[in-house]
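What follows is the residue order along each chain.
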Amino acid sequence: QVQLEESGGGLVQPGGSLRLSCAASGSLWSISTMGWYRHAPGKERELVARIFSGGVTNYADSVKGRFTISRDNAKNMVHLQMNGLKPEDTAVYYCNMDVRIGTGPYRNYWGQGTQITVSS
């Protein structure tokens, strides 16, 4: 069984910074794409950022220039550095990874989510 666990969420003032981390554990063999999604109340879940195995990244237009995604393949981790946070960034942030177990196919996994609240 593969599990993803997020950490680093919390309450922060507008303009502040947070760093999210997500660690994958279990009988995994390799990880392809890693990403972060967020889901605010009353809104559709959206892709925040993702990073492919080769290092290419995608960002939502709303976070470009403020957020940076990175990965540590040796530790099976993905990070999201969040700078210049705005109230509209408030949401539950979910880690997402495509994981291969043994010789099986890649499957998509989700973390439980971590709350980010940006408020003064």
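Refer to the preceding data block for the structure.
Residues numbered from 1 in each chain as written. Predicted model: local features only at pLDDT ≥ 70, side-chain atom pairs only at ≥ 80, totals over all residues. Heavy atoms only, no water.

Participant: Teacher, can you tell me more about the overall build of the protein chain here?
Facilitator: When helices and strands are counted, the protein chain shows zero helices and eleven strands. In terms of overall dimensions, the protein chain is globule-like: its C-alpha atoms have a radius of gyration of 14 Å, near the 14 Å expected for 120 residues. Each of the three principal axes of the protein chain carries a C-alpha extent, and together these read 50 × 25 × 25 Å. Per-residue burial for the protein chain yields a buried fraction of 39% across its 120 residues. Intrachain contacts of the protein chain at a sequence separation of at least 6 include 56% that bridge at least 24 residues. Looking at the protein chain as shown, the accessible area adds up to about 6,500 Å², and 46% of this sits on carbon and sulfur atoms. Within the protein chain, one finds 12 positive and 9 negative side-chain charges whose respective centroids are separated by 4 Å. (Helix = DSSP H or I, 4+ residues; strand = E, 2+ residues; numbered from the N terminus. Rg over C-alpha atoms; globule rule 2.2 N^0.38 Å. Buried < 20%, exposed > 50% of the residue type's maximum accessible area, 1.4 Å probe, protein only. Contact = heavy atoms within 4.5 Å. Areas by Shrake-Rupley, 256 points an atom, 1.4 Å probe, with all protein chains shown as cover. Lys, Arg positive; Asp, Glu negative; His and termini not counted. Charge placed at Lys NZ, Arg CZ, Asp CG, Glu CD.)

Participant: Help me out: how do you make sense of the pairing of strand β4 (residues 30–39) in this one?
Facilitator: In the case of a regular strand, side chains alternate between the two sheet surfaces. The element β4 is largely enclosed, with a buried count of seven among its ten residues. Summarising the sheet, β4 and strand β9 (residues 91–100) pair through eight bridges and their orientation is antiparallel. Looking at the pairing, His 39 lines up with Val 92 of β9. Linking two consecutive strands that pair antiparallel, namely β4 and strand β5 (residues 46–51), is a turn of six residues; a positive phi of about 75 degrees is found at Gly 42 within it. (Pairing = 2+ DSSP bridges.)

Participant: Sorry, what's going on with the sheet that holds strand β1 (residues 3–7) here?
Facilitator: Within a sheet, adjacent strands bond to each other through the backbone by hydrogen bonds, running parallel or antiparallel. Within the open sheet, the four strands sit side by side as β1-β3-β8-β7. Their pairing is antiparallel. Pairing within the sheet leaves two strands with one partner each, and these edge strands are β1 and β7 (67–72). Each strand axis lies, on average, 15 degrees off the axis of its neighbour in the sheet, ignoring direction. Relative to strand β3 (residues 18–25), β1 is paired through five bridges, and the arrangement is antiparallel. When the bridges of β3 are listed, Glu 5 appears paired with Ala 23. (Axes fitted to C-alpha atoms, helices over the stretch in contact; angles between N-to-C directions.)

Participant: Could you clarify how one ought to interpret unusual backbone geometry in this entry?
Facilitator: A positive phi angle, close to 55 degrees, is found at Asn 76, a residue other than glycine. In this structure, Asn 76 sits in the loop between β7 and β8 (77–82).

None of the figures reported here should be taken as evidence of function without further support.
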